[in-house]
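Reading the structure
Here's the letter readout for the chains.
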Number of protein chains: 2
Amino acid sequence: MVPPMTGTDRTSFGESPLQAAQPVVILVNPQMGENIGAAARAMLNCGLCHLRLVNPRDGWPNARADAMSSGALGLMPPVEVFATLEEALADCQSIYATTARARDLVKPVMTARSAASAMTQDIQDGQKVAILFGAERAGLSNDEVAHAHTLITIPLNPGFSSLNLGQSVLLVTYEWSHHVFSAPEKIMPTGKSEIATAAQFENFFGRLEGELEKARFFRVAEMKDIIARNIRSIFMRAQPTDQEINTLHGIITALTGVRDKE
Amino acid sequence: MVPPMTGTDRTSFGESPLQAAQPVVILVNPQMGENIGAAARAMLNCGLCHLRLVNPRDGWPNARADAMSSGALGLMPPVEVFATLEEALADCQSIYATTARARDLVKPVMTARSAASAMTQDIQDGQKVAILFGAERAGLSNDEVAHAHTLITIPLNPGFSSLNLGQSVLLVTYEWSHHVFSAPEKIMPTGKSEIATAAQFENFFGRLEGELEKARFFRVAEMKDIIARNIRSIFMRAQPTDQEINTLHGIITALTGVRDKE
């Protein structure tokens, strides 16, 4: 969802990492406004907000770019437009170029993932970082690539590797986002209940075992321990919450209620 | 670039990893053909070719999807269309669902990166893996998410995290691509020349030092070693190729030629 935009909030992102130093994205000779907008959206998704354009074909501002950005352009500082790549790069110190093809240039090549780590280090070292993306069809020319210190490549299907401009910006900036944002990896997305304690679990499982015993579920006495252990394993694997333990108790009550009424 | 498509080559990708078991992508209730096409393109970029649709709004096939896929749909096995999610999932064993919002469901949550590793393991264990993506605006419903074993989340700017369908598919499948494809990380993109040997480097550097000595560059004798070491450091850092060493020799020849003619 696009957060509401207010007139006084153009450069505020509500998240302190975004106010820290971050790479500048430079689109060189971009053609379609739609692609500039998609690039801006991808950038802001990934926490980047400084966009520069070199010689955009259809000028700037661009209504199609605004529409495709899903509000991102309105939330970012104003886009800076330059006539030449040299001007756009003038204040940059560590320059990365995305390029799909091997070039007759001897430069370090990094994956987008490694490049994001390197950029983080550059920024910690106080450097201003730029990432160059070329025009839609042709990409960056050799002359443009020559301005970069490092080339970025993306591991993709070699039989079908062409990305559009917005997709390229998304993948490169996504790798950056891993250094700024984290996502929870846990079993409890809501926080409304907690994983049951062992005591809660045992209370449930003991009751289940007792009811199964009553129902003569364990027909062969020698097998009982093994079968009980296997059933325990099913419920352990599910790692139920305290609420779910209550639900499981309710299931036992309901099922034994049916039996007890028979 | 889109590789040429031939009639007999529809399921051949020229790359053996693509013939191995891989996750199935399932789009649930997709609306716009453009988004289905963008998803297919992203999948094939990342080496996935099995696409299933549940109840696509505009039916199937879809000319807009074909156009947006940049040829990917023509190179993939035929898309499978199902009326219900249950049918689409029938043969699947390990089911991942992408969802932007925390849900009232207690399920493991993984980042796209961790999920790709987990899927690789599932497949090594012989399981059939599915990745669910919801409809454009609403995403997956709680009922749909309930069919998944694991939820996938993507670390993005919490203030601006909405992705379109094609972008979501791209980021999740991109993480998969890291387990299938590699990209070179090296300083020699072309392979036409090699990093110079230490002997080639010393031959150049000794000549440079000698010429600088002749030119009285090292004015203060006590400083000579430090200055020479600093100059060595510049050229060491550049790690020149054998061809570049020749070029540097040429530069010395040219510059000293000017001097020697004066």
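Thresholds, definitions, all that
Residues numbered from 1 in each chain as written. Chains lettered and ligands numbered in written order. Predicted model: local features only at pLDDT ≥ 70, side-chain atom pairs only at ≥ 80, totals over all residues. Heavy atoms only, no water. Salt bridge = Lys/Arg side-chain N within 4 Å of Asp/Glu carboxyl O. Helix = DSSP H or I, 4+ residues; strand = E, 2+ residues; numbered from the N terminus. Buried < 20%, exposed > 50% of the residue type's maximum accessible area, 1.4 Å probe, protein only. Axes fitted to C-alpha atoms, helices over the stretch in contact; angles between N-to-C directions. Parallel < 35°, antiparallel > 145°, perpendicular 65-115°, else oblique. Left-handed = near helix turned anticlockwise from the far one by under 90°. Contact = heavy atoms within 4.5 Å. Domains from an automatic or database assignment. Phe/Tyr/Trp six-rings, centres within 6.5 Å; stacked < 30°, edge-to-face > 60°.

**Concerning the pattern of salt bridges**
Scanning the entire structure with this criterion turns up 22 salt bridges over all chains. Lys128 of chain A is the partner of Asp91 of chain A in a salt bridge, and the nearest nitrogen-oxygen pair spans 3.6 Å. Highlighted residues: Asp91 of chain A in the loop between helix 4 (85-89) and strand 4 (94-98) and Lys128 of chain A in the loop between helix 5 (112-124) and strand 6 (129-133), separated in sequence by 37 residues. The partner of Asp91 of chain B in a salt bridge is Arg52 of chain B, and the shortest N-O contact between them spans 2.9 Å. Separated by 39 residues along the polypeptide, Asp91 of chain B in the loop between helix 4 (85-89) and strand 4 (94-98) and Arg52 of chain B in strand 2 (residues 51-54) bring together distant segments of the chain. Overall, Asp91 of chain B belongs to the partly exposed group, its relative accessible area being 38%.

**Looking at the packing of helix 5 of chain A against helix 7 (residues 165-177) of chain A**
Residues and elements named next belong to chain A. Orientation of helix 5 relative to helix 7, taken along the N-to-C sense of each, is 55 degrees, at an axis distance of 8 Å. Here helix 5 is positioned oblique relative to helix 7, judged by the angle of their axes. Like other packed secondary-structure pairs, helix 5 and helix 7 cross with a definite hand, here right-handed. On helix 7, the residues that touch Ala112, Arg113, Ala116, Met119, Thr120 and Ile123 of helix 5 are Val172, Glu175 and Trp176.

**Points about the domain arrangement of chain A**
What the domain assignment lists for chain A is domain 1 (18-177) and domain 2 (198-261). The distance between the C-alpha centroids of domain 1 of chain A and domain 2 of chain A comes to 58 Å.

**Quick look at the packing of aromatic side chains**
Residues and elements named next belong to chain A. Here the structure, examined in full by the defined rule, presents 9 aromatic pairs over all chains. Seen from their ring centres, Phe201 and Phe204 are 6.3 Å apart, and the 75 degrees between their planes marks the pair as edge-to-face. One end of the pair is Phe201 and the other is Phe204, both in helix 8 (residues 198-214) and 3 residues apart, which spans about a single turn. In terms of burial, Phe201 and Phe204 fall into one category: buried. Ring geometry for Phe204 versus Phe235: centroids 5.2 Å apart, planes at 70 degrees, classification edge-to-face. Of this pair, Phe204 sits in helix 8 while Phe235 is found in helix 9 (residues 224-238), placing the two residues 31 residues apart along the sequence. The class for Phe204 is buried, based on a relative accessible area of 2%. Residue Phe235 is classed as partly exposed on the basis of its relative accessible area, which comes to 21%. Taken together, the ring pairs in this structure connect Phe201, Phe204, Phe205 and Phe235 into an aromatic cluster.

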